[in-house]
Amino acid sequence: MAQVVVVTSGKGGVGKTTSSAAFATGLAQRGKKTVVIDFDVGLRNLDLIMGVERRVVFDIVNVISGEARLNQALIRDKRVDTLSILPASQTRDKDALTREGVQKIIDELSKDFDYILCDSPAGIEKGALLALYFADQAIVVTNPEVSSVRDSDRILGVLQSRSKRSEEKRDPVKEHLLVTRFDPARVERGEMLKLEDIREILSIPLLGVIPESESVLRASNTGTPVIMDGESNAGQAYADAVARFLGEEKPHRFIETEKKGLLKRLFGGRAA
């Protein structure tokens, strides 16, 4: 039976879709049959970040409305053969998503996949509630700023009260914290929240810390999940987070400012 994992946040623009693409790719790279579903009906960005926008013929709404079969809408990734994408509709309204329709899709996908990742819209509108309703696990994405953390705390309350697991009085959704756009130098200057403050407020296990990195924007613009850029700090941090998600012990990296050597201190980092 597949594990359903929702990637969610209370606030937009925190790197949720980037994280969904990276996590799905990372799981697939490790041999897990993985499908990632875009629940952001009306916007649809996941296919761009995954680099499959030109291959979209049918979407999740077409499947729910009976206009296409699920296997017609699924897009197989050409780089990782255990990865598939189910895109959102760009032209329909969010009301086109129904709980019964999503349940049918998840039941069908569960027969063939190990992990079903749900890329949730921000907030608690219909698409977001449907994305988290069926979750077994949740990756809560937040930036190190007060408004983002506060909104993430609100999402945790929704997960605990409005998921299928809570309705059926089963074990609660397993929650993981992913902090994105982290810059230890700005934390030291008091411009960002400290990791320990974020953890104290949200009180859920820390899965990963993704550093602020130009490679994230570069990866998005080229349609390549950043986890495939193994040279970048962000790509390595996502790979570490996937490893932790699968139960491996990995120390957290990129959470402290780089200690400068004598030449760097003397010449402002321009040492030869």
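Being a predicted model, the structure only gives us computed values, none of them experimental.

What counts, and at which threshold
Residues numbered from 1 in each chain as written. Predicted model: local features only at pLDDT ≥ 70, side-chain atom pairs only at ≥ 80, totals over all residues. Heavy atoms only, no water. Helix = DSSP H or I, 4+ residues; strand = E, 2+ residues; numbered from the N terminus. Rg over C-alpha atoms; globule rule 2.2 N^0.38 Å. Buried < 20%, exposed > 50% of the residue type's maximum accessible area, 1.4 Å probe, protein only. Areas by Shrake-Rupley, 256 points an atom, 1.4 Å probe, with all protein chains shown as cover. Lys, Arg positive; Asp, Glu negative; His and termini not counted. Charge placed at Lys NZ, Arg CZ, Asp CG, Glu CD. Pairing = 2+ DSSP bridges. UniProt positions renumbered as here; feature names shortened; annotations may be inferred. Contact = heavy atoms within 4.5 Å.

Chemist: Whenever I open this one, the overall build of the protein confuses me. Can you help?
Modeler: Within the protein, the secondary structure is distributed over 13 helices and eight strands. In terms of overall size, the protein behaves like a compact globule, its C-alpha atoms giving a radius of gyration of 19 Å where 272 residues would be expected to give roughly 19 Å. Its C-alpha atoms put the protein at 65 × 40 × 35 Å along the principal axes. In the protein, which comprises 272 residues, the proportion classed as buried is 52%. Summed over all atoms, the accessible surface of the protein reaches about 13200 Å², with 46% contributed by carbon and sulfur. When the 40 positive and 40 negative side-chain charges of the protein are each reduced to one mean point, those points stand 2 Å apart.

Chemist: What should I look at first to understand the sheet that holds strand 1 (residues 3–8) in this one?
Modeler: Pairing between sheet strands relies on hydrogen bonds along the backbone, with the strands arranged either parallel or antiparallel. In spatial order, the strands read 3-4-2-5-1-6-7-8; together these eight strands make up an open sheet with mixed pairing. Each end of this open sheet is capped by a strand with a single partner; those strands are strand 3 (75–76) and strand 8 (206–211). Sheet topology places strand 7 (residues 174–182) next to strand 8; four bridges connect them, and they run parallel. Paired with L177 across the strands is L206, a residue of strand 8.

Chemist: Which parts of the structure should I look at to understand the UniProt feature "binding site: ATP" (unreviewed entry) in the protein?
Modeler: Taken from the UniProt record, the annotation "binding site: ATP" (unreviewed entry) applies to K11, G12, G13, V14, G15, K16, T17 and T18. Within the element layout of this structure, G13 appears in the loop between strand 1 and helix 1 (16–29). When its relative accessible area of 63% is taken as the criterion, G13 is described as exposed. Those residues in contact with G13 that lie beyond four places of it in its chain are N143 and R181. Taking the relative accessible area as the measure of exposure, V14 reaches 2% and is therefore buried. Excluding residues within four positions of it along the chain, V14 makes contact with S9, V141, N143, S148 and T180.

Chemist: Looking at this structure, I do not really get unusual backbone geometry. What am I missing?
Modeler: Negative phi is the rule for most residues except glycine; trans is the rule for most peptide bonds. At K169, a residue that is not glycine, the phi angle is positive and equals roughly 55 degrees. Tracing the backbone shows K169 in the loop between helix 8 (164–167) and strand 7. The exposed category is assigned to K169, whose relative accessible area is 75%. In this model, R181 sits at a positive phi of 55 degrees, which is unusual for a non-glycine residue. Tracing the sequence through the fold places R181 in strand 7.

Chemist: Would you mind showing me how to read the side chain of S120 here?
Modeler: Summarising the element assignment, S120 is placed in the loop between strand 5 (115–119) and helix 6 (126–133). The exposure class of S120 is buried, given its relative accessible area of 2%. For S120, the contacting residues outside a window of four places in its chain are V6, V7, T8, K16, F39, A128 and A131.

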